[in-house]
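Breakdown of the fold
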Amino acid sequence: MTSKIQIHHEADVMVITVNNPPINAGSTEVRKGLLDAIHLFQDDANLAAAIIIGGGSTFIAGSDIKEFSQPLAEPHLPSVIAAIEDCPKVVICALHGAALGGGFELALGCDARIALEGTVVGLPEVTLGIIPGAGGTQRLPRLIGIEKSIEFICGGVRIKAVEALKLGIIDKLVTEDLLANAVIYARSLIGKKSRIRDIAAPHAEADVILAASQKALKVGKQRPNVHQAIKMITNVMTMSIDQGLATEREVFQTLRVGTEAKALRHQFFAERKLFKALGNKESKPKDLKRIAIIGAGTMGSGIAIACLSAGYSVLMLDQNETALQNGVKKISDFYDARVAGGKMAADNLTTLLNRFTSSSEWSDIASADLVIEAVFEDMQVKHAVFEQIDTHANPQALLASNTSYLDIDAIAAKTKNPSRVFGLHFFSPAQVMKLIEIVRCKASDPSVIEAALQFTKRLGKTPVISANAFGFIGNRIYNAYRRQCEFMLEEGAYPEQIDQALEGYGFAMGPFAVADMSGLDIAWAMRKSLAATRNPDHRYVSIPDALCLAGRFGRKTGSGYYLYPQGAKSGVVDPVVKGVIDEASAAKGITRRSFTAQEIVQRVLLAMMNEIAHLVSEKVVGDVTDCDVALVNGYGFPRWCGGPVFIAREMGMEKLRSEMDALAKWSGPGFVKAELSGLFETHGSE
Ligand code: NAD
């Protein structure tokens, strides 16, 4: 036995309790302890049944992912499950909290499953670049068929206990006293060994499999492990269970040590650590209940939806009555669509809307615990709005700005108490995008930042903490990325070629399609405002200016980097743009050359790495892996590639240095090589 497993006897029933807090992760110690316990149970003639149960708040909510980066120590989970199946006496699982991944596979290896109401079960392995490796793809189809298994396993779906009962995944559902009920249930099964491996293999028609697979591959972004998961599930129809299990294990082991799985584990740990600091501080963060949002535009209404959906009371204020009404309509349209689409019950909508008010009276913000400003991106407007907020908000309330680029310290300085001011940089659409940059100002009190973290957690978002610096973290990296793409335009590539290369790599959208979508005029205005202070010796690409001068502001004007004929879903290549680009190259005396997709991607990645290293040196970012989190959750960077920091570490310093030297040459004057060692700094979390 190990310290992670305790056993006791309830007369003729052995109770095996897993105690590996906080989530009872299936580690080597847990597996070893379970195996020992099963052997003890088998050998004890006084015992007729056994129950495996989780101590604390959950069953085994997953495997210890840290172990996945090394050779797995014996015993492996399949050996534990084999011992349960080979044991002539009944072993059942009693589930509460979550039974996920290896925990759920263990449950599927038992003779029956009893669960407490509220339990969730599932196989989320695909989200980590692998497949279930302990029989999940072989046993689940024998219970629920091929089609549903493809949906659940390839989607990493968490199945609620009520549905799991209906599907026959669990056998009994109880509302209380899990252990006592499990003992009664186990006794009722004495002598009735019932293994999933003995259930006849299911069959599905080819067209059903094809439809389910296509859906799953779309959700799973065509990743190789999703293809493999489908293959393993369908193997059930042609292979014996032992053949199927052996094949599954082999594929699992190969995927586990592959780069994609490693990249996804890197993201997993980088995201998980963001909330780790929560609750460890001496200062007690303010409990937020009522949120006031100033500005009912694109961002204000999106933020209101995010807050309402998370259960907060929301007041939305705008000085302009029409803008306010438009914002209110956007919110009600959003929820009406959810009700119409069956994603929300009509009763719940009524309750939700009871928590929502709109107003143009500043005095109404007095009851808010947190005020989020989302008005025009203009320092004078921000100052005027913060003056009103300072006058009318509760002196204890926290005050946040959603500015994208403005100096929040300067905004805070105009308030009576700057220690309660910070940045909350949401991304558009705010109700959808996961990323939020929490901007720590010079005067921000630590308890304010902790309250902000708790707030973002409740919204279900992914926060990164940034210092107050131009563009914070994400936009700084994105600007360097876009600049590098513009360099390549000038050197010989065309927008569609760059977009295709980056979309082929896995970006949600290429940079020029993104620029057309968000509008070229905003960046143009910014460039014009910075023109006087720009160093004339630095390389400056004039192509975007030329497009703007021609009135091509992107989608909204029907043309930008692409042409948008009426009704077109995406842009089409425009020879006029080619002409503008060729002209720009010629004006600088550049002989245009061809680019491979690989070179385009490499230059983009290096440009990002360099900017990230600058952010570390300038102390804008605390933990360098936060940059990967920001790019994946806010900028469409492919999660399975891990992020520029992960990729830099895989390259190693020597290769990185020489490639960066080459990038510096290509980029020309104005490109400042950063001290790259910052990319390799770890904070004890990996
Ligand atoms: P928007 O133009 O859609 O909305 C701004 C709203 O603020 C308007 O409804 C306007 O009536 C209101 N407003 C202006 N002055 C006001 C005042 N004195 N009092 C009350 N209301 C006032 O702008 P947006 O796109 O929602 O951007 C808002 C903020 O969010 C900006 O700081 C912007 O930089 C930032 N931001 C925007 C995006 C984006 O993609 N749109 C993303 C992140 C952050």
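Residues numbered from 1 in each chain as written. Predicted model: local features only at pLDDT ≥ 70, side-chain atom pairs only at ≥ 80, totals over all residues. Heavy atoms only, no water.

**Here we look at the site of the ligand**
The local shell around the ligand holds 24 residues, among which Met299, Asp318, Glu377, Lys382 and Ser404 are the closest. Here an oxygen atom of the ligand and a side-chain polar atom of Lys382 are 2.7 Å apart. The separation between an oxygen atom of the ligand and a polar side-chain atom of Ser404 is 2.9 Å. Protein coverage of the free-state accessible area of the ligand, which is 830 Å², stands at 79%. For the shell around the ligand, the secondary structure elements donating two or more residues are helix 12 (298-309), helix 15 (379-392) and strand 15 (421-426). (Near = heavy atom within 4 Å. Polar contact = N/O pair within 3.5 Å; in protein donor to acceptor, adjacent residues only side chain to side chain. Areas by Shrake-Rupley, 256 points an atom, 1.4 Å probe, with all protein chains shown as cover. Helix = DSSP H or I, 4+ residues; strand = E, 2+ residues; numbered from the N terminus.)

**Things to note about the side chain of Ser27**
Mapped onto the fold, Ser27 is located in the loop between strand 2 (13-18) and helix 1 (28-43). The buried category is assigned to Ser27, whose relative accessible area is 6%. Sequence-distant contacts of Ser27, defined by excluding residues within four places in its chain, comprise Asn20, Asp64 and Glu67. (Buried < 20%, exposed > 50% of the residue type's maximum accessible area, 1.4 Å probe, protein only. Contact = heavy atoms within 4.5 Å.)

**Here we look at the sheet that holds strand 5 (residues 98-100)**
The strand order across the open sheet formed by 3 strands is 5-7-8, and the pairing between neighbours is mixed. Of all the strands in the sheet, just strand 5 and strand 8 (158-160) have a single pairing partner and so form its edges. On average, each strand axis in the sheet is tilted by 20 degrees relative to the strand beside it, whichever way the strands run. (Pairing = 2+ DSSP bridges. Axes fitted to C-alpha atoms, helices over the stretch in contact; angles between N-to-C directions.)

**Observations regarding the side chain of Glu85**
Looking at where Glu85 falls in the secondary structure, it is placed in helix 2 (residues 77-86). Since its relative accessible area comes to 4%, Glu85 is described here as buried. Setting aside chain neighbours within four positions, we find Glu85 in contact with Gly109, Arg139, Lys193, Arg195 and Arg197.

**Digging into the sheet that holds strand 14 (residues 398-401)**
The strand order across the open sheet built from 8 strands is 12-11-10-13-14-15-16-17, with neighbouring strands paired in mixed fashion. The sheet terminates laterally at strand 12 (356-359) and strand 17 (462-467), the two strands that pair on one side only. Between one strand and the next, the sheet's axes are offset by a mean angle of 25 degrees, whatever the strand orientation. With 4 bridges connecting them, strand 15 and strand 16 (residues 435-440) associate as antiparallel partners. The partner of Leu424 across the bridge, within strand 16, is Ile438. Packing against the sheet, helix 25 (residues 625-634) makes contact with strand 16 and strand 17, and its axis sits at approximately 125 degrees to strand 17.

**Observations concerning the pairing of strand 6 (residues 112-116)**
Counting buried residues in strand 6 gives 4 out of 5 residues, a clear majority hidden from the surface. Pairing geometry for strand 4 (residues 90-95) and strand 6, over 4 bridges, is parallel. Looking at the pairing, Ala94 lines up with Ile114 of strand 6. Summarising the sheet, strand 6 and strand 9 (residues 172-174) pair through 3 bridges and their orientation is parallel. Following the sheet pairing, Ile114 is matched in strand 9 by Lys172.

**Looking at helix 13 (residues 321-340)**
With 20 residues, helix 13 should reach 28 Å at 1.5 Å per residue; the first-to-last C-alpha distance of 28 Å fits that figure. Here helix 13 has its buried residues at Leu324, Gly327, Ile331 and Tyr335. When helix 13 is viewed along its axis, its buried side chains cluster within an angular range of 70 degrees and face the same direction. Opposite its buried face, helix 13 presents the exposed residues Thr322 and Ala340, each directed more than 90 degrees away. Looking at where helix 13 begins, the residue whose side-chain oxygen comes 2.9 Å from the main-chain nitrogen of Thr322 is Asn320. Once helix 13 finishes, Gly342 follows within two positions and takes phi at roughly 75 degrees, a positive value. (Expected span 1.5 Å × (residues − 1). Arc of directions from axis to C-beta.)

**Let's talk about unusual backbone geometry**
Cis geometry is adopted by the peptide bond preceding Pro75, which originates at Glu74 and carries an omega value of -5 degrees. With an omega of -5 degrees, the peptide bond running from Ser428 to Pro429 counts as cis. By the secondary structure assignment, Pro429 is in the loop between strand 15 and strand 16. Located in the positive-phi region is Asp177, a residue other than glycine, with phi close to 45 degrees. Position of Asp177 among the secondary structure elements: in the loop between strand 9 and helix 7 (178-188). The phi torsion at Gln222 lies on the positive side, around 60 degrees, for a residue other than glycine. Among the secondary structure elements, Gln222 is positioned in the loop between helix 8 (206-219) and helix 9 (224-235). The exposure class of Gln222 is partly exposed, given its relative accessible area of 46%.

**Some words on the nonpolar core**
Ranked by internal contacts, the top residues of the largest apolar core, which has 71 residues, are Met609 and Leu679. Per-element accounting of this core gives the leading share, 12 residues, to helix 24 (residues 597-617). Of the domains in this structure, domain 2 (290-470) and domain 3 (475-680) are the two that each give at least three residues to this core. Formed by 70 residues, the second largest nonpolar core is a distinct cluster that contains Val126, Ile144, Ile146 and Ala164. (Core = buried A, V, L, I, M, F, W, Y, C linked by side-chain atoms within 4.5 Å. Domains from an automatic or database assignment.)

**Focus on the packing of helix 11 (residues 259-272) against helix 26 (residues 644-651)**
Helix 26 packs onto helix 11 with a crossing angle of 130 degrees between their chain directions and a minimal axis gap of 10 Å. Considering the angle they form, helix 11 stands oblique to helix 26. Helix-helix and strand crossings are classified by hand; for helix 11 and helix 26 the assignment is right-handed. For the pair formed by helix 11 and helix 26, the contact residues are Thr259, Lys262, Ala263 and His266 on the first element and Phe646, Arg649 and Glu650 on the second. Each residue belonging to the contact of helix 11 with helix 26 can be placed in one class, and the counts come to 2 nonpolar, 2 polar and 3 charged. (Parallel < 35°, antiparallel > 145°, perpendicular 65-115°, else oblique. Left-handed = near helix turned anticlockwise from the far one by under 90°. Nonpolar A, V, L, I, M, F, W, Y, C, P; charged D, E, K, R; others polar.)

**Here we look at the domain arrangement of the protein**
Segmentation of the protein into domains returns domain 1 (5-257), domain 2 (290-470) and domain 3 (475-680). The C-alpha-based centres of domain 2 and domain 3 are spaced at 30 Å. Contacts between domain 2 and domain 3 engage 14 residues on the former and 12 residues on the latter. Together domain 2 and domain 3 conceal approximately 1,200 Å² of surface at their shared face, both sides included; 62% is due to carbon and sulfur atoms. (Buried area = accessible area lost by both parts, 1.4 Å probe.)

**Concerning the environment of Arg113**
Mapped onto the elements, Arg113 comes out in strand 6. It is 51 Å that separates the C-alpha atoms of Arg113 and Thr403, two residues lying 290 residues apart in sequence. Look past the residues within four positions of Arg113 in its chain and what remains in contact with it is Cys93, Leu95, Ala107, Leu108, Leu143, Ile169, Ile170, Asp171, Lys172 and Ile196. Only 2.8 Å separates the side chain of Arg113 from the backbone oxygen of Ile169, close enough to count as a polar contact.

**Brief notes about the packing of aromatic side chains**
Counted under the stated rule, the structure contains 14 aromatic pairs. Judged by centre distance (6.2 Å) and plane angle (80 degrees), the ring pair of Tyr505 and Phe637 falls under edge-to-face. On the criterion of sequence distance, the pair formed by Tyr505 in helix 19 (residues 495-505) and Phe637 in the loop between helix 25 and helix 26 is long-range, its members being 132 residues apart. Residues Trp524 and Phe553 carry aromatic rings whose centres are separated by 6.0 Å and whose planes lie at 45 degrees to one another, so their mutual orientation is tilted. Of this pair, Trp524 sits in helix 21 (residues 520-530) while Phe553 is found in the loop between helix 22 (543-549) and helix 23 (575-587), placing the two residues 29 residues apart along the sequence. Three or more aromatic residues joined by ring pairs form one cluster here, namely Phe427, Tyr478, Tyr481, Tyr505, Phe507, Tyr635 and Phe637. Its guanidinium or amino end placed over the ring of Tyr312, Arg458 lies 3.9 Å from that ring's centre, counting from NZ or CZ. (Phe/Tyr/Trp six-rings, centres within 6.5 Å; stacked < 30°, edge-to-face > 60°. Lys NZ or Arg CZ within 6 Å of the ring centre and 35° of its normal.)

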